[in-house]
Amino acid sequence: MALVLSPAGIVLHLRDDKSWIPHPGCWSLFGGAVEVGELPAEAVLRELQEKLGLDEVACRPLWRVVDTHGDGRLLTIFEARTPLRPDQMVLTEGQALDAFEYDAALELKLAPFCRHVLERYLLESQRA
Ligand SMILES: Nc1nc2c([nH]c(=O)n2[C@H]2C[C@H](O)[C@@H](COP(=O)(O)OP(=O)(O)OP(=O)(O)O)O2)c(=O)[nH]1
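Everything numeric here is computed off the predicted structure, so don't read it as measured data. Here the residue index of a chain counts from 1 through its sequence in written order. Reporting of local features is limited, given that this is a predicted model, to residues whose pLDDT is at least 70; pairs of side-chain atoms are given and counted only at 80 or more, and all residues count toward the totals for whole chains, interfaces and linings. For the side-chain quantities, the full set of heavy atoms in the structure was used; hydrogens and water were omitted.

(A) The arrangement of the overall build of the protein in detail. Secondary structure is summarised from DSSP: a helix means a run of H or I of at least four residues, a strand means a run of E of at least two, and numbering begins at the N terminus for each. For the protein, the count of helices and strands is three helices and six strands. When the elements of the protein are put in sequence order from the N terminus, they spell out β-β-β-α-β-β-β-α-α. Taken over the C-alpha trace, the protein has a radius of gyration of 14 Å; the compact-globule value for 128 residues is 14 Å, and the two agree within 12%. Taking the principal axes of the C-alpha coordinates as reference, the protein spans close to 35 × 35 × 30 Å. By the burial criterion, 43% of the 128 residues in the protein qualify as buried. Methods summary: accessible areas were calculated by the Shrake-Rupley approach with a probe of 1.4 Å, and residue burial reflects only the protein chains presented. Put simply, the protein shows about 7100 Å² of open surface, and 53% of that area lies on carbon and sulfur atoms. Positive: Lys, Arg. Negative: Asp, Glu. His and the chain ends are not part of the count. For the purpose of locating charges, the reference atoms are NZ of Lys, CZ of Arg, CG of Asp and CD of Glu. Positive and negative side-chain charges of the protein, numbering 13 and 20 respectively, have mean locations separated by a distance of 4 Å. Taken over C-alpha atoms, the radius of gyration is set against a globule rule of 2.2 Å times the number of residues to the power 0.38. Type-normalised accessible area, obtained with a 1.4 Å probe on protein chains alone, sets the label of each residue: buried when under 20%, exposed when over 50%, and partly exposed for intermediate values.

Have a look at this one:
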């Protein structure tokens with residue numbers, strides 16, 4: 001799962017409003033399952049290419065955590081820095097794409113796990 005940082009702020013997508021997907025109508029981070037034979041660092045680059053059309057992105061692993069809000073998967077959280085702004089990205093899943101400053105992001109209706117990741121990221125960057 002990636003916390004995408006663009007010059008305009010944290011990039012999030014608004015999930016579709018379909019009742020059969022997790023967290024419909026919530027804003028969320030980008031990510032997806034690691035495929036067989038793939039490393040998490042490879043999976044995050046593939047996901048960002050597939051879901052945002054990002055090629056130029058510098059990823060750094062932040063921490064690993066069990067997704068207790070979801071299906072219990074072990075997730076690796078990455079910080080992904082891109083020089084592109086949201087209007088230069090191509091969203092392939094979801095109804096909207098935008099970038100937010102931290103405070104504004106925390107005011108959104110966020111998927112619960114994304115809120116947890118953003119809050120921890122903020123806390124750890126303040127400590128650093
Ligand atoms: N993230 C996201 N997934 C969506 C949206 N609309 C939609 O139909 N989907 C589908 C594709 C995903 O395979 C499925 C589950 O979403 P998810 O966010 O839990 O995906 P995931 O981590 O399992 O990732 P993936 O490997 O399936 O891509 O819902 C949307 O707006 N955002």
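(B) Layout of the site of the ligand. We define proximity as follows: a residue is near a molecule or strand when any one of its heavy atoms falls within 4 Å of that partner. By nearness alone, 14 residues border the ligand, and His13, Asp16, Lys18, Ala33 and Lys51 come closest of all. Distance and chemistry together define a polar contact, namely a pair of N or O atoms within 3.5 Å, with one atom able to donate a hydrogen and the other to accept it when in protein, and with adjacent residues in sequence counting only for side-chain atoms on both sides. Contact distances for the ligand include 3.1 Å between an oxygen atom and a side-chain N or O atom of arginine 15. Between the ligand and aspartate 16 there is a distance of 2.7 Å, counted from a nitrogen atom to a side-chain nitrogen or oxygen. Within the complex, the protein chains bury 69% of what would otherwise be the 580 Å² of accessible surface of the ligand. Looking at the shell around the ligand residue by residue, the classes come out as three nonpolar, four polar and seven charged. Residue classes follow a fixed rule: Ala, Val, Leu, Ile, Met, Phe, Trp, Tyr, Cys and Pro count as nonpolar, while Asp, Glu, Lys and Arg count as charged, and any other residue, Gly among them, counts as polar.

(C) Main features of the pattern of salt bridges. In the sections that follow, a salt bridge refers to a side-chain nitrogen of Lys or Arg positioned within 4 Å of a carboxyl oxygen of Asp or Glu. The tally for this structure, following the rule as stated, stands at 11 salt bridges. Glutamate 35 is the partner of arginine 46 in a salt bridge, and the nearest nitrogen-oxygen pair spans 3.7 Å. Taken together, the positions of arginine 46 in helix α1 (residues 40-52) and glutamate 35 in the loop between β3 (27-28) and α1 put the pair 11 residues apart, joining distant regions of the chain. One salt-bridge network, held together by shared partners, links Glu35, Glu38, Arg46, Glu47, Glu50, Lys51 and Glu93.

(D) Up close: the pairing of strand β5 (residues 74-81). Within β5, six of the eight residues are buried, which leaves the element mostly enclosed by the surrounding structure. In this description, strands pair whenever DSSP reports at least two bridges between them. Where strand β4 (residues 58-66) meets β5, eight bridges bridge the pair, whose relative direction is antiparallel. Its bridge partner lying in β5, tryptophan 63 is registered against isoleucine 77.

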